[in-house]
Amino acid sequence: MTDNITSVGGGSRPEAGVSALKGRTGAGAPAETRGKTTIADGVVAKIAGMAAREVPGIYNLGAGMARAFGAMRERVPGTGGGGAVTRGVKVEVGERQAAVDLDVVVEYGVSIVDVAGGVRTNVISAVERMTGLEVVEVNIAVDDVHLPDDEEERTEPDEGRVR
């Protein structure tokens, strides 16, 4: 092993500074270079999902069927529902780079081009800042447009429903 630093998330230290420490291990090496940090794909997916949802004009993430199954899964007791954050998010994470694919639903009336640009900027910024990985691409598939009428249909009175 020529380099004991295969970690991601090295903070603000430039890559060139890290490579100057090659081969130094043990008590003489700086603490931040002792060991390896591994970031799971699910962690990057959660960060990307949260960052995408923060952008104005994004209604939801996930394709139609994924949203439907996710909504059903969230209602079943004991299933957690933690997958809602990563629904519509796929990531590929390497040692130093990541790629993100997003399925999104946008609000009616927004500029899809502007929203997509905002999502890319926010996702890249959040993932790179929190993990130290270089985000090489953020691919966005707009699967649906949320219409204002869609909310009215969902909030109909629960007539005849047993509570």
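Going by the structure above, here's the rest.
Presented here is a report on the structure given in the accompanying data block. Numbers given for residues are sequential positions, taken from 1 along each chain in its written order. With the structure being a predicted model, the display of local features is reserved for residues of pLDDT at least 70 and the display and counting of side-chain atom pairs for 80 or more, all residues being used for whole-chain, interface and lining totals. Computation of side-chain values covers all heavy atoms of the structure but excludes hydrogens and water.

1. Structural notes on helix α4 (residues 112–131)
Labels follow the DSSP assignment, with helices taken as runs of H or I lasting at least four residues and strands as runs of E lasting at least two, numbered in each case from the N terminus. Given the number of residues in a helix, its expected span is that number minus one, multiplied by 1.5 Å. Taking 1.5 Å as the rise per residue, α4 with 20 residues should run 28 Å; its terminal C-alpha atoms sit 28 Å apart, in good agreement. Relative accessibility thresholds used throughout: buried, under 20% of the residue-type maximum; exposed, over 50%; partly exposed, between the two (1.4 Å probe, protein chains only). Three or more residues of α4 are buried, namely V115, A116, V119, V123, A126, V127 and T131. Viewed along the axis of α4, the buried residues span an arc of 110°, placing them on a single side of the element. Across α4 from its buried face, at more than 90 degrees, point the exposed residues V113, D114, T121 and R129. By definition, residues are in contact when any of their heavy atoms lie within 4.5 Å. Packing partners of the buried residues in α4 comprise α2 (41–53), β1 (58–61), β3 (97–107) and β4 (134–146). Where α4 ends, the next residue or the one after it, G132, has phi of about 80°, a positive value. By arc we mean the arc of the directions from the helix axis to the C-beta atoms, nothing more.

2. A few points about the environment of E54
Within the secondary structure, E54 sits in the loop between α2 and β1. In this structure the C-alpha to C-alpha distance between E54 and G118, which are 64 residues apart in sequence, comes to 9.5 Å. Any pair of N or O atoms that falls within 3.5 Å is considered a polar contact. Within protein, one atom must be able to donate a hydrogen and the other to accept it, and sequence-neighbouring residues count only if both atoms are side-chain atoms. A distance of 3.1 Å separates the side chain of E54 from the side chain of N122, its partner in a polar contact.

3. With respect to the pairing of β4
Pairing analysis gives 11 bridges linking β3 to β4, with the strands arranged parallel. Across the sheet, residue V106 finds its bridge partner in β4, namely V145. A crossover connection joins β3 to the parallel β4 through α4; in handedness this β-α-β unit is right-handed. Between any two strands, at least two bridges found by DSSP are needed for them to pair. For crossovers, right-handed means that the path from the first strand over the helix to the second runs clockwise, given strands pointing away from the viewer.

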